[in-house]
Amino acid sequence: MAEVIGDCVDDLQERLSVLASDLDLDYFGVADLRDARDFIMAQGGEHLARYPRAVSIGIGLLDAVVDELYRHDEPSAIYSYRALYDSVNSRLDMAAMLIGRQIQADGFRAYLIPASQTINPRKLEGAFSHKLAAHLAGLGWMGRSSLLITPDHGPRVRLATVLTDAPLRSGTPLPDVCGDCRKCIEACPAGAFTGAPFDPSQPRDVRFRAHLCNEYMERRERSLGEGLCGLCVFICPHVSHRT
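Residues numbered from 1 in each chain as written. Predicted model: local features only at pLDDT ≥ 70, side-chain atom pairs only at ≥ 80, totals over all residues. Heavy atoms only, no water.

In this section: empty space enclosed by the protein. Summed over the entire model, instances satisfying the criterion amount to one cavity of 30 Å³ or more. Here the largest cavity defines a volume of roughly 90 Å³. Looking at the largest cavity, the residues that line it are Gly143, Arg144, Ser145, Ile149, Cys178, Cys181, Lys183, Cys184, Cys236, Pro237 and His238. Split into classes, the residues belonging to the lining of the largest cavity amount to six nonpolar, three polar and two charged. (1 Å grid on protein atoms, 1.4 Å probe; cavity = no way out; pocket = protein on both sides within 12 Å on 5 of 7 lines; lining within 4 Å. Points joined across faces, edges and corners; volume = space filled by probe spheres on them. Nonpolar A, V, L, I, M, F, W, Y, C, P; charged D, E, K, R; others polar.)

In structure tokens, the structure reads:
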């Protein structure tokens, strides 16, 4: 019986992988969340922590748009980045819904975490960390910017997650290869990054002071009409077209 169930799950995983390819996703992986249960519980609650797996998906951003972010204070560059950011998020949400429907059709539960979500305005965090799932799925490593750094797109990627109880095969986290690089730390106009390497046992504030980033974006919103910054995404050297 266990062998039959295993074959069914392998078949589901293959169909999900094919669906991700058909949806033109750049990243698809599965994370084993069991060791991160306490972290997920503290951030999102029991209704999220009960899921032992996550399907992590991602889409790389257009380099031509991100490359213009050196024109940091020019509205035309920032508004183009916002349009790209929102359109990719929308595509990810639709893709996550279709992946969730496939999982549900196979008799398992699926819970969609949208690409862009902030539910705690005091802590400035969402219900669930897409970066955590993508890291555990082996799609990238956590950089000094507290962003997921992928081998091909660097941090130029948006993510969404589908939590599930389907016992899918999970990936293996990638090692941190940022080394001594401090480009994102030095580029941040808010001084939000401390430079501390990622340590899942430590709170986010050890690495990233979100309130400083948020205050800076609020000032940009008042002066430019758009709060997005993106310099940490722009400056990272781990992008294929720069190598």
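Further remarks concern the pattern of salt bridges. Side chains that carry opposite charge are capable of pairing whenever their charged atoms lie near each other. Within the structure shown, the criterion is met by 13 salt bridges. Where Arg34 meets Asp32, a salt bridge forms, and the shortest distance between an N and an O atom there is 2.7 Å. With relative accessibility at 52%, the residue Arg34 sits in the exposed group. In this structure, a network of salt bridges that share partners links the residues Asp11, Arg15 and Asp106. (Salt bridge = Lys/Arg side-chain N within 4 Å of Asp/Glu carboxyl O. Buried < 20%, exposed > 50% of the residue type's maximum accessible area, 1.4 Å probe, protein only.)

With a phi angle near 60 degrees, Asp24 is a residue other than glycine that sits in the positive phi range. On the accessibility criterion, Asp24 (52% relative accessible area) is exposed. Although it is not a glycine, Ser146 adopts a positive phi angle of roughly 65 degrees.

In this fold, Arg37 is placed in helix H2 (residues 37-44). The sequence separation of Arg37 and Val66 amounts to 29 residues, and the corresponding C-alpha distance is 34 Å. When near neighbours in sequence (up to four residues on either side) are disregarded, Arg37 contacts Glu46 and Ala49. (Helix = DSSP H or I, 4+ residues; strand = E, 2+ residues; numbered from the N terminus. Contact = heavy atoms within 4.5 Å.)

In spatial order, the strands read E1-E2-E6-E3; together these four strands make up an open sheet with antiparallel pairing. Of all the strands in the sheet, the pair left with one neighbour each is strand E1 (27-32) and strand E3 (110-113). The sheet shows a mean angle of 25 degrees between the axes of neighbouring strands, taken without regard to direction. When strand E2 (residues 53-60) meets strand E6 (residues 157-164), the two strands line up antiparallel, connected through eight bridges. By the bridge assignment, Arg53 is partnered in E6 with Thr164. Together, E2, E3 and E6 form the strand contacts of helix H5 (residues 75-105), whose direction differs from that of E6 by roughly 20 degrees. (Pairing = 2+ DSSP bridges. Axes fitted to C-alpha atoms, helices over the stretch in contact; angles between N-to-C directions.)

A few words on H2. Working note: α-helix, 3.6 residues per turn, so residues spaced by three or four point in the same direction. Regarding H2, the residues found buried are Ile40, Gln43 and Gly44. An end-on view of H2 places all buried positions within 75 degrees of arc, on one side of the element. The exposed set on the far side of H2, more than 90 degrees from its buried face, consists of Asp38 and Ala42. On its buried side, H2 packs onto helix H3 (46-49) and helix H6 (130-136). (Arc of directions from axis to C-beta.)

Helix length check: H5 (31 residues) gives 45 Å between terminal C-alpha atoms against 45 Å at 1.5 Å per residue, within 8%. With its phi angle positive at about 95 degrees, Gly107 sits one or two positions after the end of H5. (Expected span 1.5 Å × (residues − 1).)

Another aspect to go through is the packing of aromatic side chains. Following the criterion strictly, the structure yields three aromatic pairs and no others. Here the aromatic rings of Tyr51 and Tyr111 are separated by 6.1 Å at their centres, their planes lie at 40 degrees, and the arrangement is tilted. Taken together, the residues span a long stretch of sequence, with Tyr51 in the loop between H3 and E2 and Tyr111 in strand E3 at a distance of 60 residues. (Phe/Tyr/Trp six-rings, centres within 6.5 Å; stacked < 30°, edge-to-face > 60°.)

All quantities given are derived from atomic positions and should not be read as evidence of function.
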